[in-house]
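Structural overview for review
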Amino acid sequence: MSIDYQKLRLDGVYQQDKDGNLMLRIKVPAGVISSAQAEAVCDIAERLTNGRLHLTTRGSIELHWLKHEQLPEAFRRLAAVGLSSRGACGGAVRGISCSTTFSPGFAVCQTIARRINRHFAGNPHFEGLPKKFKVGVDSGYESSRHLIQDVGLVHVGHADGRHLFDIWCAGGLGREPQAGFLLEKSVAEERLIPLIEAIVRIYRANTPPPKRLKFLLNQIGEDKFRSMLDEELACRTQPQPQVTVEGPLTEPAAETVEASVFAGEIAAAAFRQLAILARDSAAGFLSLTADQNIVLFLEKGEDSARVKDELARLGLAGDAPEHCTTFRVCPGSHECKMGLSATRDVARQVLEALGADGRELTLAISGCANSCSQPQLADLGIVTARLAKTDSGSREPRFALYRRSGDGLGERVREDLALGELIACIKDLD
Ligand code: SF4
């Protein structure tokens, strides 16, 4: 049977290689997942894959090495615990991310993220888009993640009992990184979904595949985009403030304990232990962070020292050298068809070269120009740009190095570096 890999994408499935192996990406709005859901993901990983999970920088979970005939069982197991991969790949509104896990405003952001996810996930009006459409909800400007979303929402306060958000639009990384622009300030929460809907409609109707919203903005300009948005909104009824008692899944004022996961790569067995720890000590929820780690919001009276001891026993306490530096890492050629370098191996070598000097830095490496690990938002970002033929006829990766100093995206400062040159260059940086 020939498999139409293109069609699989909307179900959150990418072709991983030419041998029929598949990657399944599971959406986790704002990265908050229950213990029961986490255990179900572990069941799938242990029964159907190599028993490992990859945590993405958007709080999603990827499973690799699945076969086509295993997908129905994986989908059934996800559905049984209210999880879905629908729209996690392909032309759809992707998983709603939140990068401000440690901020007091995380409580509001995760609630809004779930609401947006409920509205767009699997909704045929918002599928079959020219390309991916990314939405992020953050509780402040510190992480700068609002710059890289198609729609980035930044919580800026509240008035009359409603939360207010600044709306940023048309950002994105990839081959042509572009920071989003500020579309509107202090938008009341009930206007968020109609506004995102209108932007998605304009994007779908006016953008050639496989381009993103930033392409349309570059073509028509901000003024034209704003007037199209006004027209689109004018023909819709205005939303009423939403009455809901829905709240966060994690305790807002709780003490947090963080499990460090090198490169977002974790064995299902360890993730299961964390799920059990969360069930017993953190009200049954885990939070997957934008730096690919896992946070537990402890219940009142919980002994954080005991939980940290448990993390140490699992090798996730964060005191091993490879855990001491924030280093976001995409799967690269280890598991991704697009990957040009073995990202985890390169990350280990870079960390070894940096030693203790690296601990104050954030780093990120992507296996290709798609920039899934957000290297342009790290102090030091590495993008694998191409494969070069060596004298012996083999092919080896060439890297570009990005540095970030201000509030915007990092700038490319070096390019076409072989691995040795990259490491020497990083060691020499001030
Ligand atoms: S950056 Fe490239 S290699 Fe890395 S996960 Fe994304 S597509 Fe794959």
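In case you missed it, the structure is sitting above this.
Throughout what follows, the structure given in this document is the object of discussion. These figures come from a predicted structure and were not determined experimentally.

Conventions used here
Residues numbered from 1 in each chain as written. Predicted model: local features only at pLDDT ≥ 70, side-chain atom pairs only at ≥ 80, totals over all residues. Heavy atoms only, no water. Near = heavy atom within 4 Å. Nonpolar A, V, L, I, M, F, W, Y, C, P; charged D, E, K, R; others polar. Pairing = 2+ DSSP bridges. Helix = DSSP H or I, 4+ residues; strand = E, 2+ residues; numbered from the N terminus. Axes fitted to C-alpha atoms, helices over the stretch in contact; angles between N-to-C directions. Parallel < 35°, antiparallel > 145°, perpendicular 65-115°, else oblique. Left-handed = near helix turned anticlockwise from the far one by under 90°. Contact = heavy atoms within 4.5 Å. Buried < 20%, exposed > 50% of the residue type's maximum accessible area, 1.4 Å probe, protein only. Polar contact = N/O pair within 3.5 Å; in protein donor to acceptor, adjacent residues only side chain to side chain. Salt bridge = Lys/Arg side-chain N within 4 Å of Asp/Glu carboxyl O.

Near the ligand the following residues occur: C330, P331, G332, C336, M338, G339, S366, G367, C368, N370, S371 and C372. Along the lines of polarity and charge, the residues of the shell around the ligand split into 6 nonpolar, 6 polar and no charged.

A few words now on the pairing of strand β17 (residues 395–403). Consecutive side chains along a regular strand alternate between the two faces of the sheet. Sheet topology note: the strand β16 (residues 380–389)/β17 ladder contains 9 bridges and is antiparallel. What sits directly across from K389, in β17, is R395. Bridge analysis of β17 against strand β18 (residues 411–417) gives 4 bridges, and the strand direction is antiparallel. Of the residues in β18, the one forming a bridge with R403 is E411.

Contact geometry of helix α5 (residues 192–206) with helix α6 (residues 213–234) gives a least axis separation of 10 Å together with a crossing angle of 125°. In this view, α5 runs oblique relative to α6, as classed from their interaxial angle. Like other packed secondary-structure pairs, α5 and α6 cross with a definite hand, here right-handed. Counted together, P194, L195, A198, I199, R201, I202, Y203 and N206 of α5 and L213, L216, F225, M228, L229, E232 and L233 of α6 form the full contact between these two elements.

Looking at the element boundaries, S144 is found in the loop between β6 (135–138) and β7 (151–159). Its relative accessible area of 5% is what places S144 among the buried residues. Reaching out from S144, the side chain makes a polar contact with the side chain of R404 at a distance of 2.7 Å.

Here the focus is the pattern of salt bridges. This model, assessed by the stated rule, comprises 29 salt bridges. The partner of R344 in a salt bridge is E265, and the shortest N-O contact between them spans 3.4 Å. Taken together, the positions of R344 in helix α10 (residues 343–354) and E265 in strand β11 (residues 265–267) put the pair 79 residues apart, joining distant regions of the chain. According to the relative accessible area criterion, R344 is buried, its value standing at 11%. Within the structure, one salt-bridge network assembled from shared partners comprises E39, D43, E46, R272, R279 and D280.

Moving on: the sheet that holds strand β14 (residues 326–329). A sheet is described by the order of its strands in space; here 5 strands give the open sequence β14-β15-β16-β17-β18, paired in mixed fashion. Pairing within the sheet leaves two strands with one partner each, and these edge strands are β14 and β18. Neighbour to neighbour, the strand axes of the sheet diverge by 20° on average, direction disregarded. Relative to the sheet, helix α11 (residues 419–428) contacts β16, β17 and β18, its axis offset from that of β18 by approximately 145°.

Turning to the environment of L286, a few remarks are in order. With respect to the helices, strands and loops of the structure, L286 is situated in strand β12 (residues 285–288). Note on L286: relative accessible area 0%, which makes it buried. Between the C-alpha atom of L286 and that of G31, which follows or precedes it by 255 residues, the distance is 8.0 Å.

Strand order in the open sheet made by the 5 strands is β1-β2-β5-β4-β11, with antiparallel pairing throughout. What marks the edges here is a single partner per strand, and that holds for β1 (13–15) and β11. Strand-to-strand, the axes of this sheet are offset by a mean angle of 30°, without reference to chain direction. Judged from the 4 bridges that link them, strand β2 (residues 22–26) and strand β5 (residues 61–66) form a sheet pairing that is antiparallel. What sits directly across from I26, in β5, is I61. Sheet contacts for helix α2 (residues 35–48): β2, β4 (52–55) and β5; angle to β5, the most-contacted strand, approximately 20°.

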